[in-house]
Amino acid sequence: MGGRRKFFMADMLALTLLSVLQLFTTNLAALLVIRIALGMAIAVEYTVGTALLMEWVPAKRYFRYQTYLLAYWAIGYFAAYLVGTFTTGFCDRTWQVILASSAIVSTLAGLQRLVVRQPESPRWLASKGRIIEAINLVHRYVGEDYTVHPAPQVEVKKGAWRMLFSKKYRRRTLVGGLFYACQTLPFFGISIFLPILMENMNVTNPLVTQLLYYALMIAGVLVGIVLSNHLPRRYFLIGTFLASAAFLLVLSIWHQAPLALTLILFSLFSLTISAALVIGLRLPKRTL
């Protein structure tokens, strides 16, 4: 069975094939299955990619590199919006082309992984008894001062989903679930329904405002990276939640607010909710 490196490559191949399949179906049920499969493949990419990053980056620099990944993700999110907004000229198949355009990115990423070969996971090699290969990789890519120890033989107990809601773990499950739900739902909910929101807010040029929203989202991640290195994490987390809620509350109650003030509040919300994503990479993993 292949290691994480091969799995890393196979997942990108799956992303490409699933993306291309969207060009050949207009069946709603089939499209739903493909989109769910794409979501699962992306989740695998996040999981395996983060695991490999954790193994190859020194612990004191891990969070910094993980925030770089988040910044690149924000740029990609903005790029996806641009593709979906400005792709035209394919008649009634334009929506299929937009959905399948992700195959371009996944193909480029796959080719990059073929050319710049990702070394195998040292821990995975050690767990399979290939300790010499693991040590050689670490010496080659990290330095002679580092090494890998044989993986300890630990008895792994088989778990079940109900354990998450047992007396021992239910509080952690609740805290972790609510944390990500409260952070993710407003972020993606507003992004998805942004055109409708712009219309209801009487914005005269919704396209420009939407472009501003996504641009500020990237800026918010960069601001969050800076602030997370200078502010206590607890205050940063609570502060971004409260500030985002305050901005949305004013926008929800004051329907007849001046357009300039509406845009300022909406821009501040975009900056704040995006900055909050940064602390989400660090705090729950350390507290649960």
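What comes next is a walk through the structure. (Residues numbered from 1 in each chain as written. Predicted model: local features only at pLDDT ≥ 70, side-chain atom pairs only at ≥ 80, totals over all residues. Heavy atoms only, no water.)

## As for helix α7 (residues 131–141)
For α7, the full list of buried residues reads Ile131, Ala134, Ile135, Leu137 and Val138. Down the axis of α7, the sector holding all buried residues measures 160°, keeping them to one side. Opposite its buried face, α7 presents the exposed residues Ile132 and Arg140, each directed more than 90 degrees away. Structurally, α7 contributes buried residues whose contacts are with α2 (28–56) and α6 (122–127). (Buried < 20%, exposed > 50% of the residue type's maximum accessible area, 1.4 Å probe, protein only. Helix = DSSP H or I, 4+ residues; strand = E, 2+ residues; numbered from the N terminus. Arc of directions from axis to C-beta. Contact = heavy atoms within 4.5 Å.)

## Things to note about helix α5 (residues 102–115)
The terminal C-alpha atoms of α5 lie 20 Å apart, and with 14 residues this matches the ideal 20 Å at 1.5 Å per residue to within 8%. Taken together, the buried positions of α5 are occupied by Ala103, Ser106, Gly110 and Arg113. For α5, the buried positions fall inside an angular range of 90° around the axis, keeping them on one side. For α5, exposure combined with an orientation more than 90 degrees from the buried face picks out Ile104, Val105, Leu108 and Val115. (Expected span 1.5 Å × (residues − 1).)

## A closer look at the pattern of salt bridges
This model, assessed by the stated rule, comprises one salt bridge. Glu133 is the salt-bridge partner of Arg130, the closest N and O atoms lying 3.0 Å from each other. Assessed through its relative accessible area of 34%, Arg130 is described here as partly exposed. (Salt bridge = Lys/Arg side-chain N within 4 Å of Asp/Glu carboxyl O.)

## Describing the packing of helix α8 (residues 170–192) against helix α10 (residues 206–228)
Helices that pack against each other are described as a pair by the angle of their axes relative to one another and the distance between those axes. With their axes 11 Å apart at the nearest point, α8 and α10 run at an angle of 150° to one another. Relative to α10, the element α8 lies roughly antiparallel. α10 is crossed by α8, and the crossing has left-handed handedness. Of the residues in α10, those in contact with Phe187, Ile190 and Ser191 of α8 are Tyr213, Tyr214 and Met217. (Axes fitted to C-alpha atoms, helices over the stretch in contact; angles between N-to-C directions. Parallel < 35°, antiparallel > 145°, perpendicular 65-115°, else oblique. Left-handed = near helix turned anticlockwise from the far one by under 90°.)

That is the geometry; function is a separate question.
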